[in-house]
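Geometric and topological summary
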Amino acid sequence: MIFSVSAVVLLGLLIWFLLRIRYFRWAEVLICSTFGFLLAETGAGPVVQGVLDGLGGLLSQLS
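Now for a description of the structure that goes with this document. (Residues numbered from 1 in each chain as written. Predicted model: local features only at pLDDT ≥ 70, side-chain atom pairs only at ≥ 80, totals over all residues. Heavy atoms only, no water.)

Moving on: the nonpolar core. If you look at the biggest cluster of nonpolar residues, it comprises eight residues: A7, V8, L11, I15, F35, L38, V48 and L52. Listed by contribution, the elements that provide at least two residues to this core are α1 (2-21), α2 (26-40) and α3 (45-62). For this core, the element with the most residues is α1, which contributes four residues. Those residues within four positions of L11 in sequence are excluded, and the remaining contacts are I31, T34, F35 and L38. (Core = buried A, V, L, I, M, F, W, Y, C linked by side-chain atoms within 4.5 Å. Buried < 20%, exposed > 50% of the residue type's maximum accessible area, 1.4 Å probe, protein only. Helix = DSSP H or I, 4+ residues; strand = E, 2+ residues; numbered from the N terminus. Contact = heavy atoms within 4.5 Å.)

Structure representation (C-alpha cells):
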C-alpha cells in the first residue's frame, strides 16, 4: 500500500511536469496509463500493481 501511494504521488508529479513543459510521447503515455491504473484499481490494476511490486523488489535487491 505504501509503495502504491508513493508511486501515485511520484507519477502524478511527473505527469504534471510533462504537461507543464508540453512534452508527451509514447513513454509518457505509458506513464499516464500506469498512473490511471493505480488510481482506478480496475481489473487490470492488480496486474500493473504486481509488475510494480516486482520492480520494487528487484530494485531493492540491487543495492
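What follows is about a nonpolar patch on the surface. Together, V47, V51, L55, L58, L59 and L62 make up a nonpolar patch on the protein surface, roughly 610 Å² of accessible area in all. Examined against the element boundaries, V51 turns out to sit in helix α3. (Patch = residues over 30% accessible without salt bridge, like charges linked within 9 Å, V, L, I, M, F, W, Y side chains within 5 Å. Areas by Shrake-Rupley, 256 points an atom, 1.4 Å probe, with all protein chains shown as cover. Salt bridge = Lys/Arg side-chain N within 4 Å of Asp/Glu carboxyl O.)

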